[in-house]
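An overview of the molecular structure
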Amino acid sequence: MADHPGAELDDPRLGFVYQEALRGLQQQEAAVESLHNRAGTLIFAASFASSLLGSNALADGVNGWDWVALGLLLSIGALAVMMLWPYYSFSFRFDAEELLHDYIEGEHPASMTEMHRALALRAEHERRSNGRLVRRIRVALQVALVLLLIEILAWLFSIGGVLN
């Protein structure tokens, strides 16, 4: 019999809950991949803007806006590194050896319902644990995008001679 109150041996509802928990983890993994792709696009945009606008801005020497733009470019680069850093604390899948040991080959093999319940809870725990890093990467991308806009403005101000 199951080791938690109200559980039946083959409760199909737990299979559904497990699938939903797993789907949440898979969506989170896709979001991380999307953020990494956006970070790559950000790097391209920052380097393109800096090479195109920076060459014109620096043609007449270095002024205050040029230093601001270069500082912003370095900040964007640092944020991109943070976004693309290989975080090894992400967890999007279960270890097959551990699953075999815990649910099949142990002293008390688990029923499918017990496995679904345990793995649903584990998937949700992993999703929440990953959430801190995902939020950090998302915020870094948002800040970097704002810095990119300010960098472009700094280059344009330099080219236009605004407040030199």
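Below or above, wherever it landed, is the structure these notes cover. Keep in mind the model is a prediction, meaning the values are calculated, not measured. Positions within a chain are numbered from 1, following the residues in the order the chain's sequence is written. Under the rules for a predicted model, residues below a pLDDT of 70 receive no local features and side-chain atom pairs below 80 are neither given nor counted, while totals for whole chains, interfaces and linings still include all residues. Side-chain numbers here rest on the full set of heavy atoms in the structure, without hydrogens or water.

With that settled, the discussion passes to the overall build of the protein. Counting secondary structure elements, the protein contains four helices and zero strands. Per the convention used, a helix needs a DSSP run of H or I reaching at least four residues, while a strand needs a run of E reaching at least two, with both numbered from the N terminus. For the protein, the N- to C-terminal ordering of α and β elements is α-α-α-α. In this treatment the radius of gyration is a C-alpha quantity, and the globule benchmark scales as 2.2 Å times the residue count to the 0.38 power. Over its C-alpha atoms the protein spans a radius of gyration of 25 Å, topping by over 25% the 15 Å that the globule rule assigns to 164 residues. The C-alpha extent of the protein, read off along each of the three principal axes, is 80 × 25 × 20 Å. Whether a residue is buried, partly exposed or exposed follows from its accessible area with a 1.4 Å probe, protein chains only, as a fraction of its type maximum: under 20%, in between, or over 50%, in that order. In the protein, which comprises 164 residues, the proportion classed as buried is 38%. For the protein, the proportion of contacts with a sequence separation of at least 24, taken over those separated by at least 6, is 88%. All accessible areas in this document rest on Shrake-Rupley with a 1.4 Å probe, and a residue is counted as covered only by the protein chains that are shown. As displayed, the protein offers around 10300 Å² of accessible surface, 63% of which is attributable to carbon and sulfur atoms. Separation between the mean location of the 12 positive side-chain charges and that of the 19 negative ones in the protein comes to 8 Å. Any two residues whose heavy atoms approach within 4.5 Å at even a single point are treated as in contact. Charged residues are defined here as Lys and Arg on the positive side and Asp and Glu on the negative side; His and the ends of the chain fall outside this count. A charge is said to be at NZ when it belongs to Lys, at CZ for Arg, at CG for Asp and at CD for Glu.

Classification of ring pairs uses Phe, Tyr and Trp, with its six-membered ring standing for Trp, and accepts pairs whose centres are within 6.5 Å; under 30 degrees between planes counts as stacked, over 60 as edge-to-face, and the remaining range as tilted. The full count for this structure, using the stated rule, is four aromatic pairs. Pairing Phe 44 with Phe 48 gives two aromatic rings, centres 5.8 Å apart and planes at 20°, and the pair type is stacked. Taken together, the residues Phe 44 and Phe 48, both in helix 1 (residues 12-57) and four residues apart, mark about one turn of the helix. Phe 44 sits in the exposed class, given a relative accessible area of 55%. For Phe 48, a relative accessible area of 46% puts it in the partly exposed group. In this structure an aromatic cluster arises from ring pairing among Tyr 87, Phe 90 and Phe 92.

Direction vectors running N to C along helix 3 (residues 96-104) and helix 4 (residues 112-160) enclose 135°, while the axes themselves pass 11 Å from each other. Taken together, the axes of helix 3 and helix 4 are oblique relative to one another. The chirality of how helix 3 crosses helix 4 is right-handed. Each of Glu 98, Leu 99, Asp 102, Tyr 103 and Ile 104 in helix 3 lies in contact with helix 4, whose residues at this interface are Met 115, Ala 118, Leu 119 and Arg 122. Classification used: nonpolar for Ala, Val, Leu, Ile, Met, Phe, Trp, Tyr, Cys and Pro, charged for Asp, Glu, Lys and Arg, polar for all others including Gly. Counted by class, the contact of helix 3 with helix 4 contains six nonpolar, no polar and three charged residues. Note on definitions: angles span 0 to 180 degrees between N-to-C directions of axes, and those axes are lines fitted to C-alpha atoms, for helices only across the stretch in contact. The cut-offs work like this: below 35 degrees is roughly parallel, past 145 is roughly antiparallel, 65 to 115 is roughly perpendicular, and the gaps in between are oblique. Should the near helix be turned anticlockwise from the far one by less than a right angle, the crossing is termed left-handed; should it be turned clockwise, right-handed.

Among the secondary structure elements, Ser 75 is positioned in helix 2 (residues 64-84). Residue Ser 75 is classed as partly exposed on the basis of its relative accessible area of 33%. As a C-alpha pair, Ser 75 and Gly 61 span 14 residues in sequence and 22 Å in three-dimensional space.

Among the surface-exposed residues, Arg 132, Arg 135, Arg 136 and Arg 138 lie close enough to one another that they form a single positively charged patch. Structurally, Arg 135 is set in helix 4. In this scheme, patches are assembled from residues that exceed 30% relative accessible area and form no salt bridge. Like charges are connected within 9 Å, while nonpolar side chains (Val, Leu, Ile, Met, Phe, Trp, Tyr) are connected within 5 Å. By definition, a salt bridge exists where a carboxyl oxygen of Asp or Glu is found within 4 Å of a side-chain nitrogen of Lys or Arg.

A general trend in soluble globular proteins is that nonpolar side chains are found buried together. Take the buried residues of types Ala, Val, Leu, Ile, Met, Phe, Trp, Tyr and Cys, join any two whose side-chain atoms come within 4.5 Å, and each joined set is a nonpolar core. Counting residues in each nonpolar core, the largest one holds 32 residues, and the members touching the most others are Leu 42, Met 83, Phe 90 and Phe 94. Breaking this core down by element, the ones donating at least two residues are helix 1, helix 2, helix 3 and helix 4. No other element matches helix 4, which puts 12 residues into this core. The contacts of Phe 94, once residues within four sequence positions are left out, are Tyr 18, Leu 22, Leu 99, Leu 119, Arg 122 and Ala 123.

Residue count minus one, scaled by 1.5 Å, sets the expected span of a helix. Between its first and last C-alpha atoms helix 1 spans 66 Å; for 46 residues at 1.5 Å apiece the expected length is 68 Å, and the two agree. The principal kink in helix 1, of about 25°, is found at Ser 51. Values of bend correspond, residue by residue, to the angle between axes fitted over the seven residues ending at that residue and the seven starting there.

Note that all results are geometric; they support no functional claim without further evidence.
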